[in-house]
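Fold and contact review
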Amino acid sequence: QVQLVESGGGLVQPGGSLRLSCAASGSIFSIYTMGWYRQAPGKQRELVATISSGTNTNYAGSVKGRFTISRDNAKNTVYLQMNSLKPEDTAVYYCYVNGDVLGIGNSNYWGQGTQVTVSS
């Protein structure tokens, strides 16, 4: 089994910052791509940012220059630093991990989601 535990969401004013964290644990022994997606009410889930095992990053155009994704391989943790937050960033943010799991092989896993609300 693989568990993804997210933290760091909350309520912030426009222009503020938040840092999300997601730690993977369990039977996953090789982690490749890690990332963050988000889903706003009434909308489809969309990519926010991903980071490869080689630390290549990819960002949605709407967050480029404001958000920074990073990872700590020793802790199996991915982070999302969100600056200059806007009301349109309000959504549930989901952590994503792709890796090799003992007895299963390569699989994708999702966190439970953490709410980010940007409002004055």
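Residues numbered from 1 in each chain as written. Predicted model: local features only at pLDDT ≥ 70, side-chain atom pairs only at ≥ 80, totals over all residues. Heavy atoms only, no water.

In total, this model carries three salt bridges according to the counting rule given. In this structure, the salt-bridge partner of Arg38 is Glu46, at a minimum N-O distance of 2.7 Å. Taking the shortest distance from any N to any O, the salt bridge between Asp89 and Arg66 comes out at 2.8 Å. Of the two residues, Asp89 sits in the loop between β8 (77–82) and β9 (91–101) while Arg66 sits in the loop between β6 (57–59) and β7 (67–72), which places them 23 residues apart along the sequence. For the pair Asp89 and Arg66, one class covers both residues: buried. It is possible to trace a salt-bridge network through shared partners that takes in Arg38, Glu46, Arg66 and Asp89. (Salt bridge = Lys/Arg side-chain N within 4 Å of Asp/Glu carboxyl O. Helix = DSSP H or I, 4+ residues; strand = E, 2+ residues; numbered from the N terminus. Buried < 20%, exposed > 50% of the residue type's maximum accessible area, 1.4 Å probe, protein only.)

So, about the packing of aromatic side chains. What the rule picks out here adds up to three aromatic pairs. Taking 5.0 Å as the distance between ring centres and 70° as the angle between the ring planes, the aromatic pair formed by Tyr37 and Trp110 counts as edge-to-face. Of this pair, Tyr37 sits in strand β4 (residues 28–39) while Trp110 sits in strand β10 (residues 105–110), placing them 73 residues apart in sequence. Plain terms: the ring middles of Tyr96 and Trp110 are 5.2 Å apart, the flat faces sit at 55° to each other, and that makes the pair tilted. Of this pair, Tyr96 sits in strand β9 while Trp110 is found in strand β10, placing the two residues 14 residues apart along the sequence. For Tyr96, a relative accessible area of 13% puts it in the buried group. (Phe/Tyr/Trp six-rings, centres within 6.5 Å; stacked < 30°, edge-to-face > 60°.)

Below, the discussion takes up the pairing of β4. Both β4 and β9 contribute to a ladder of nine bridges, which runs antiparallel. Counterpart to Gln39 in the pairing with β9 is Val92. Examined bridge by bridge, β4 and strand β5 (residues 46–51) share five bridges and lie antiparallel to one another. The residue of β5 that forms the bridge with Trp36 is Ala49. (Pairing = 2+ DSSP bridges.)

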